[in-house]
Amino acid sequence: MSDTPILQIENLSTYYGAVQALRSVDLTVRAGEICAVLGANGAGKTTLLRTVSGLQPAAPGSRVRVDGVDITRHPAESMVRHGLAHVPEGGGVIVELTVEENLRLGGLWRADRRDRAKALDEVYELFPPLVERRDRPAGTLSGGERQMVAIGRALMARPRVLLLDEPSLGLAPLITRQIMQLLHDLRDRTGLTVVLVEQNAASALSITDHGFVLSQGAVVARGSSAELLADDRMRHAYLGF
């Protein structure tokens, strides 16, 4: 893990019409960290990821930097070239396509065929269960396997920062633990930086380095994962356990 910030979010605000969904959010994530973004439903977690990745416009005065480059006004389709990949809630897997077709979509922007083939081999190495399922329609997979496909498709672009929204949604507790361990192992093997939005705060804090708690679109707490887990008042008030 590096001390160098790879993702810097400054004074980030956004609106849905007249409703302010994010309120002057500041966060810094260092290279190689797994960072949790926590809070109740409606706290602004998904909006934060959507705004960082360009799917939701940021209000004037907001700043998002990846590796020092200001990407605040860049279109969403250009984010992958800046080293940012976003796996939305539910993963967004195309159920009619095979596993491999879904994965290949993540590397389409790369012109070099050999590089795309190498990236695909790397994904299969990271997720061995997908190898024997490569020709199956994604719609036939389990929930945990679909999450592997969604994450693998994002990794095809070899991002420096992975934004991951609610990967445990709808999964059994055992599968949730497996997905969380997979993310931890992925960081350890590749040095990937992960920003993890999770409703399951205890699960997220078990594998993250530090976290931020959102409430009504504003950051109300920040600290190491151990500190947040140990803060009974914070856990009861905002994290639900």
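Below is a short write-up of the structure. Just so it is clear, the structure is predicted and the values come from calculations on it, not from any experiment. (Residues numbered from 1 in each chain as written. Predicted model: local features only at pLDDT ≥ 70, side-chain atom pairs only at ≥ 80, totals over all residues. Heavy atoms only, no water.)

All right, on to the overall build of the chain then. Summing up its helical and strand segments, the chain has eight helices and 10 strands in all. Taken over C-alpha atoms, the radius of gyration comes to 17 Å for the chain, in line with the 18 Å a tight globule of 241 residues would show. For the chain, the spread of C-alpha atoms along the principal axes amounts to about 45 × 40 × 35 Å. A buried classification covers 49% of the 241 residues belonging to the chain. If you sum the accessible surface of the chain, you get close to 11000 Å²; carbon and sulfur atoms cover 50% of it. (Helix = DSSP H or I, 4+ residues; strand = E, 2+ residues; numbered from the N terminus. Rg over C-alpha atoms; globule rule 2.2 N^0.38 Å. Buried < 20%, exposed > 50% of the residue type's maximum accessible area, 1.4 Å probe, protein only. Areas by Shrake-Rupley, 256 points an atom, 1.4 Å probe, with all protein chains shown as cover.)

In a beta sheet, neighbouring strands are held together by backbone hydrogen bonds and run either parallel or antiparallel to one another. Here six strands make up an open sheet; going across it, the order is β6-β7-β8-β3-β9-β10 and the pairing mixed. Lying at the two open borders of the sheet, with one neighbouring strand each, are β6 (84-87) and β10 (218-224). Here the average twist between neighbouring strands, direction ignored, is 15°. Contacts from helix α4 (residues 143-155) reach β6 and β7 (161-165) within the one sheet, and its direction differs from that of β6 by about 165°. (Pairing = 2+ DSSP bridges. Axes fitted to C-alpha atoms, helices over the stretch in contact; angles between N-to-C directions. Contact = heavy atoms within 4.5 Å.)

Moving on to the packing of α4 against helix α5 (residues 173-190). Packing of α4 against α5 leaves a shortest axis separation of 10 Å and a crossing angle of 20°. Classified by the angle their axes make, α4 and α5 are roughly parallel. Remark: the crossing between α4 and α5 carries right-handed chirality. Here G144, Q147, M148, I151 and L155 of α4 lie close against α5, whose contacting residues are I175, I179, L182, L183 and L186. (Parallel < 35°, antiparallel > 145°, perpendicular 65-115°, else oblique. Left-handed = near helix turned anticlockwise from the far one by under 90°.)

Strand order in the open sheet made by the four strands is β2-β1-β4-β5, with antiparallel pairing throughout. Edge positions in the open sheet fall to β2 (19-30) and β5 (69-70), since each of these has one partner strand only. Two elements, strand β4 (residues 63-66) and β5, share two bridges in a ladder whose sense is antiparallel. From the neighbouring strand, V66 faces β5, where its bridge partner is V69. Docked against the sheet, helix α1 (residues 45-52) engages β1 (5-16), β2 and β4, running at close to 110° with respect to β1.

Turning our attention to a nonpolar patch on the surface. Together, I94, L105 and L108 make up an exposed nonpolar region whose accessible area comes to about 250 Å². As for its position among the elements, L105 is in helix α2 (residues 99-105). In this structure L105 comes out as partly exposed when scored by relative accessible area, which is 36%. (Patch = residues over 30% accessible without salt bridge, like charges linked within 9 Å, V, L, I, M, F, W, Y side chains within 5 Å. Salt bridge = Lys/Arg side-chain N within 4 Å of Asp/Glu carboxyl O.)

Attention shifts here to the pattern of salt bridges. Throughout the structure, instances matching the rule amount to 13 salt bridges. The shortest N-O distance in the salt bridge between E132 and R133 comes to 3.1 Å. Under the relative-accessibility criterion, E132 is labelled exposed at 60%. Each of E100, R104 and R134 takes part in one network of salt bridges that share partners.

Take unusual backbone geometry next. Positive phi, close to 55°, is recorded for N11, a residue that is not glycine. Of note in the backbone geometry, D67 takes a positive phi value of approximately 55° without being a glycine. With respect to the secondary-structure elements, D67 resides in the loop between β4 and β5.

Further remarks concern the nonpolar core. For soluble globular proteins, nonpolar side chains are generally found buried alongside one another. F127, I151 and L196 are the most contacted members of the largest nonpolar core, which totals 41 residues. Considering each element in turn, this core owes the most residues, six residues, to α4. Setting aside residues no more than four positions away along its own chain, F127 makes contact with M148, I151, G152, L155 and L182. Residues I9, L22, C35 and L163 belong to the second largest nonpolar core, which totals 26 residues. (Core = buried A, V, L, I, M, F, W, Y, C linked by side-chain atoms within 4.5 Å.)

So, on to the environment of E227. Mapped onto the fold, E227 is located in helix α7 (residues 225-230). Exposure remark for E227: the relative accessible area of 51% places this residue in the exposed category. Taking the C-alpha atoms as reference, E227 lies 9.3 Å from G211; in sequence the two are 16 residues apart.

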